[in-house]
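# Architecture at a glance
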Amino acid sequence: MIAKDPALDRRIWMLAWPLLLSNITAPLLGLVDTAVVGHLDSPVYLAAVALGSNVFMFLYFSFNFLRMGTTGFTSQARGAGEATLVVLLRALLLSTLVGSALILLQPLLSDAALWLLGGSAEVQGLARDYIGIRILGAPAALGNFALIGFAIGLHRTSVPLKMTVLMHSSNVLLDVLLVQVWHFDVRGVAVASAVSEYLGLAGGLFWLRREIFGAAWRALPVGALKQVAPMLQLLAVNRDIFIRSLALLTVFFFFTAQGARLGDTVLAANAVLITFLLLLSNTLDGFANAAEALVGDATGFTKEKSADELAMATPEQVAEQFNVTVRTGVHVAGIDTDKQRVLLPDDHLDYSSLVLALGADTWTPPLEGDAVGEVFSVNDLMDYGRFRQALEGKR
């Protein structure tokens, strides 16, 4: 049974609530795009935006590992008391390279995606215009993943909220101006999306300026970005997240493709349904993001530390702080409550107030085989010390 910890609950909530609001705004933006384009005189515009948006959902969220991986490595570095800025710089370097590659490969990606999705010739023509314009925001969009992951890893969860509010409010304003006022149809929606990505990136850099451009920048290890091993580690972790994201997004991509084959109206209606689905799933992601930051902190805190280093205070420090006598690893034979005396096998201790920190023994099921001696139960620092000793020199 896990004891309830109100302090931890509050900590989780304080981390999660800005992310809940931030995540909710993403699908709400899709509703705004739908409302703006839906007021045009033909459903082909909404269908084209639906096709184009799904292409970018597949492209961008396939690289969502830039957010998740950055959160994990940043929180681990924070927990270990190590430099965190180098994690962000590696992620920004990777996002710039990937975003630039997407721009260069845009014609091939656009043709392949629209061939798979289908749709009428008119819808595909408009969708191709949308993709060609919005892809210019790819480096900023992927860079935002890295910045948001970095902020979550630092427990600065208000920054992603500010970034998304800036991006989405500017997107809404540009949508209305470019589509409703200046009549740029789907091209206006694409321009609004690309510009808002760069505004979000600028805002993120501004709100994280102390963590990026202050003492952290001056303390950045020389040649940190030239180290190959940490970058390979980042890529190895991100590979698994990439495969997971790819499988998930393939389902949405297939759903949109089937809708396109049933006609422009069905495609447009499905776009609205997917937006509502994303609204529900993104809301729960706020708690997942908070868990990533907290688990990363704990993992970093224990990184390469011995049992003695994990102790928050020595028995002597506890005794001095609370003015008590602390005896560890003592076998108690009995307690005489009348004489206020703890009976030991060969001695006794008198007390005025007594606290017995008994802990709990782990139960190990009967095991057989040659490796029984290599099975460890870790229930206290002494157990952990024996476990770490057994791991030394092994991978």
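For the structure, check the block above.
The structure presented is a predicted model; accordingly, all values stated were derived computationally and were not measured.

One pass over the full model with this rule turns up seven aromatic pairs. With a centroid separation of 5.7 Å and 65 degrees between ring planes, the pair formed by phenylalanine 63 and phenylalanine 65 is classed as edge-to-face. Each member of the pair phenylalanine 63 and phenylalanine 65 is classed as buried. Here phenylalanine 213 and tryptophan 217 contribute two aromatic rings whose centre-to-centre distance is 6.5 Å and whose plane-to-plane angle is 40 degrees, an arrangement assigned as tilted. Each residue in the set Phe56, Tyr60 and Tyr130 is aromatic and connected to the rest through ring pairs, giving one cluster. Positioned over the ring face of phenylalanine 56 is arginine 134, at 4.8 Å from the centre of the ring. Between arginine 209 and the ring centre of phenylalanine 206, over which it is positioned, the NZ or CZ distance is 4.2 Å.

A separate point is helix H7 (residues 138-153). The terminal C-alpha atoms of H7 lie 23 Å apart, and with 16 residues this matches the ideal 22 Å at 1.5 Å per residue to within 8%. With 16 of 16 residues buried, H7 lies mostly within the body of the structure.

Before going further, it helps to examine the pattern of salt bridges. Scanning the entire structure with this criterion turns up seven salt bridges. Arginine 187 is the partner of aspartate 185 in a salt bridge, and the nearest nitrogen-oxygen pair spans 3.6 Å.

Ordered in space as S1-S2-S3, the three strands form an open sheet in which the pairing is antiparallel. Of all strands in the sheet, those bounded by a partner on one side alone are strand S1 (334-336) and strand S3 (348-350). Across the sheet, the mean angle separating the axes of adjacent strands is 20 degrees when strand polarity is ignored. Where strand S2 (residues 341-343) lies against S3, three bridges are found, and the strand directions are antiparallel.

Leu51, Tyr60, Phe63, Leu66, Leu102, Tyr130 and Leu142 are the most contacted members of the largest nonpolar core, which totals 50 residues. Take this core: its biggest share by element is twelve residues, from helix H2 (residues 43-62). Ala146, Leu147, Ile148 and Met163 belong to the second-largest nonpolar core, a separate cluster that totals 20 residues.

This part takes up the side chain of threonine 70. As for its placement among the helices and strands, threonine 70 is situated in helix H3 (residues 65-80). Here threonine 70 is in contact with Phe65, Val87, Ala91, Ala146, Gly149 and Phe150, once residues within four sequence places are set aside.

Mapped onto the elements, serine 22 comes out in helix H1 (residues 6-38). We classify serine 22 as buried; its relative accessible area is 5%. C-alpha of serine 22 to C-alpha of glycine 286: the two residues are 264 residues apart in sequence and 8.3 Å apart in space. Once residues within four sequence positions are removed from consideration, serine 22 is found in contact with Pro160, Leu161 and Thr164.

Parameters at a glance
- Residues numbered from 1 in each chain as written.
- Predicted model: local features only at pLDDT ≥ 70, side-chain atom pairs only at ≥ 80, totals over all residues.
- Heavy atoms only, no water.
- Phe/Tyr/Trp six-rings, centres within 6.5 Å; stacked < 30°, edge-to-face > 60°.
- Buried < 20%, exposed > 50% of the residue type's maximum accessible area, 1.4 Å probe, protein only.
- Lys NZ or Arg CZ within 6 Å of the ring centre and 35° of its normal.
- Helix = DSSP H or I, 4+ residues; strand = E, 2+ residues; numbered from the N terminus.
- Expected span 1.5 Å × (residues − 1).
- Salt bridge = Lys/Arg side-chain N within 4 Å of Asp/Glu carboxyl O.
- Pairing = 2+ DSSP bridges.
- Axes fitted to C-alpha atoms, helices over the stretch in contact; angles between N-to-C directions.
- Core = buried A, V, L, I, M, F, W, Y, C linked by side-chain atoms within 4.5 Å.
- Contact = heavy atoms within 4.5 Å.

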